[in-house]
Amino acid sequence: MAGGEGAAAVMCTPAFVGRVLRSRWYVVFASMVVMAASGSTYIFALYSKELRSVLGYNQQTLNTLGFFKDLGTNVGVVSGLVQQVAPTWAVLLIGAGMNLAGYLMVYLALTERTAAPPVWLMCIYMCVGANALTFSNTGALVACVKNFPESRGIVIGLLKGFVGLSGAIYTQLYLAIYGDDAKSLVLLIAWLPAAVYIFFVHTIRVLPYRRRAEGDEPNSKPFFCFLYISIALATYLLVMIVVQKQVPSFSHAAYAVGATVLLLILFLPLGVVIKEEYAAVSQLEESLQQPPAIAVEEPAAASTKKEDDEPSCGMKGCLTNMFKPPALGEDYTIMQALVSVEMLVLFVVSVFGIGGTLTAIDNMAQIGQSLGYPHKSINTFVSLISIWNYAGRVGAGYMSEFFVARYRFPRPLALTAVLLFSCVGHLLIAFGVPQSLYAASVILGFCFGAQWPLLFSIISEVFGLKYYSTLFNFGSAASPIGAYVLNVRIAGRMYDAEAARQHGGHAAAVGDKICKGVMCFKHAFLIITGVTLAGALVSLVLVWRTRNFYKGDIYAKFKVAPVVAAADYQGGETVEGTVV
């Protein structure tokens, strides 16, 4: 009893609260909540029909809006460059402002509070609002990867998993707050992410990395606690989806209760953070009872390596170094990475693989409508994609990390397998197999989610962490190219052509007429299947080029802590890159 009272007394002190807020684990918790609020771009299908009906768009115009949404979501080069020169709080604040401005203008247009904007202006609104995701993504993801470099696959999978769940979370919240009103959903995704970013703006940051001593194992227990909580959240959302589908008249009060439970589960990881910090305080008190031992080492020779491996000054020196990259796993410069064969392969995979799954996700409402599924089922597809998007992200992050560490299994080969599996989902849509859209939603949601942690982990491992905030944004920037070609130029155009044929007119005259039947998307998804298969074959080039790299211990340089020079000892404080 006394022990429990003592623990409560310690945890209620301002010093302990401050310690929690400054800890690495709190950065992970805050990043998880930020990422859970950052997946609004994946629920475009829930309000795309409102855009069609209110603003009179045809399918190709609607897909053009979807492309600009995807463009904003994935082109995060600016946010990466900002992260290189500015603190994380500035990155998050910029994201909050862009999110609020972009989606608020979309909401005002949808509710006809402003004059109907021209299509090009609406595209800008969508792009600006969606681009906020890259700022939250960059700020939270880079901070956590640099704080836990030995667990980067787990970190990326976990955080991207919460982005995957975000769609289902938003669906439950908007039903609880506004009821079944798709226009109000746009208002929710305008103000809620901005509020979350601002709330956590000063707690997400890069902390000095503490290398562990030889023989010590990294503390991964909290990550598995976070995983179990996220699985509980995903399971709860899945149960809510099934119950809401089976109950004909699910009341607004029931939605409110369900959303409250959802938020409680979402904030459960805070308990894990508090527990870890209390254990750390207890361990510190025990260690202070023993005299500290300080080892002294001779300063390492600095002449054997140029500082930070920066390229020589001048244009000629930069061009020369650009084509002389270091070994895989060392810190590449931005230009060395961009001209490498490895990055070129990742670009192609991003265009073909992610572009194809994005097309399916953005068109899911129209696919379900063309195949005769009821409105409630279409909402179910969106939520299924969200949950299995989460499963793919977390599963790919944790499992690929396990296989890399235990069996030296190359992560690029896992990426190849995911691309091949996604072809199954594309074929189910192409042939319109009865009642198969549920399975297609699961497969494509899983594969879309799995590609992201694999892509981002490969970039961090192959090109190093020094310019990671910029390089991982370059890696994802190629996917909108695939989304534009496959979504706008192929899927949208073929849909409108088939709608025109069914309604006996030219595509321009038919306008927003709905297409019915398997033929609306059949040929488009056969093409998507073909290019995804081509992407899988290209990814084998990366598997081959990195085979020797993944046979070794790719995290060796993070494992052994150097001894601490006496001059660096600062009263027991940890100096960056050391353990004292």
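Residues numbered from 1 in each chain as written. Predicted model: local features only at pLDDT ≥ 70, side-chain atom pairs only at ≥ 80, totals over all residues. Heavy atoms only, no water.

## Description of the pattern of salt bridges
- For the structure on display, the rule yields 6 salt bridges.
- Note that Arg19 is salt-bridged to Glu277, the shortest N-O span being 2.9 Å. With a gap of 258 residues between them, Arg19 in helix α2 (residues 14-21) and Glu277 in helix α13 (residues 269-287) connect regions that are remote in the sequence.
- The exposure class of Arg19 is partly exposed, given its relative accessible area of 28%.
- Put simply, Arg545 and Glu342 hold a salt bridge, and the shortest N to O gap is 2.9 Å. Of this pair, Arg545 sits in helix α24 (residues 522-545) while Glu342 sits in helix α16 (residues 341-362); the two residues are 203 residues apart in sequence, bridging distant segments of the chain.
- You can call Arg545 partly exposed: its relative accessible area is 41%.
- Among the ionic contacts, a cluster of salt bridges with common partners joins Glu401, Arg411 and Glu461. (Salt bridge = Lys/Arg side-chain N within 4 Å of Asp/Glu carboxyl O. Helix = DSSP H or I, 4+ residues; strand = E, 2+ residues; numbered from the N terminus. Buried < 20%, exposed > 50% of the residue type's maximum accessible area, 1.4 Å probe, protein only.)

## A word on the packing of helix α4 (residues 44-55) against helix α18 (residues 375-407)
- Contact geometry for α4 and α18: axes closest at 9 Å, N-to-C directions at 135°. Our classification of the angle between α4 and α18 gives oblique. Packed against α4, whose contacting residues are Ala45, Leu46 and Lys49, the element α18 presents His375, Ile378, Asn379 and Val382 at the interface.
- Grouping the amino acids of the contact of α4 with α18 by side-chain chemistry returns 4 nonpolar, 2 polar and 1 charged. (Axes fitted to C-alpha atoms, helices over the stretch in contact; angles between N-to-C directions. Parallel < 35°, antiparallel > 145°, perpendicular 65-115°, else oblique. Contact = heavy atoms within 4.5 Å. Nonpolar A, V, L, I, M, F, W, Y, C, P; charged D, E, K, R; others polar.)

## Describing the confidence of the model for the protein
- Mean pLDDT over the protein: 81, with 84% of residues reaching 70 or higher.
- Counting contacts from residues 295-315, a segment whose pLDDT is below 50, to residues more than four positions away or on other chains yields 18 contacts.
- Taken as a whole, residues 562-580 scores under 50 in pLDDT and shows 34 contacts with residues more than four places along the chain or in a different chain. (pLDDT = per-residue confidence, 0-100.)

## Things to note about the environment of Val281
- Within the fold, Val281 resides in helix α13.
- Ignoring any residue separated from it by four or fewer positions in sequence, one finds Val281 in contact with Phe16 and Arg19.

## Some words on the nonpolar core
- Among the nonpolar cores identified, the biggest contains 161 residues, and Tyr47, Leu51, Phe223 and Tyr468 are the most heavily contacted of them.
- Ignoring any residue separated from it by four or fewer positions in sequence, one finds Leu51 in contact with Phe44, Gly56, Tyr57, Leu62, Leu65, Leu110 and Met122.
- Val82, Met98, Ala132 and Phe135 belong to the second largest nonpolar core, which has 5 residues in total. (Core = buried A, V, L, I, M, F, W, Y, C linked by side-chain atoms within 4.5 Å.)

## Quick notes on the side chain of Ser350
- Tracing the backbone shows Ser350 in helix α16.
- Not counting the four nearest positions on each side in its chain, Ser350 is found in contact with Gly355, Gly475, Ser476, Ala478 and Ser479.

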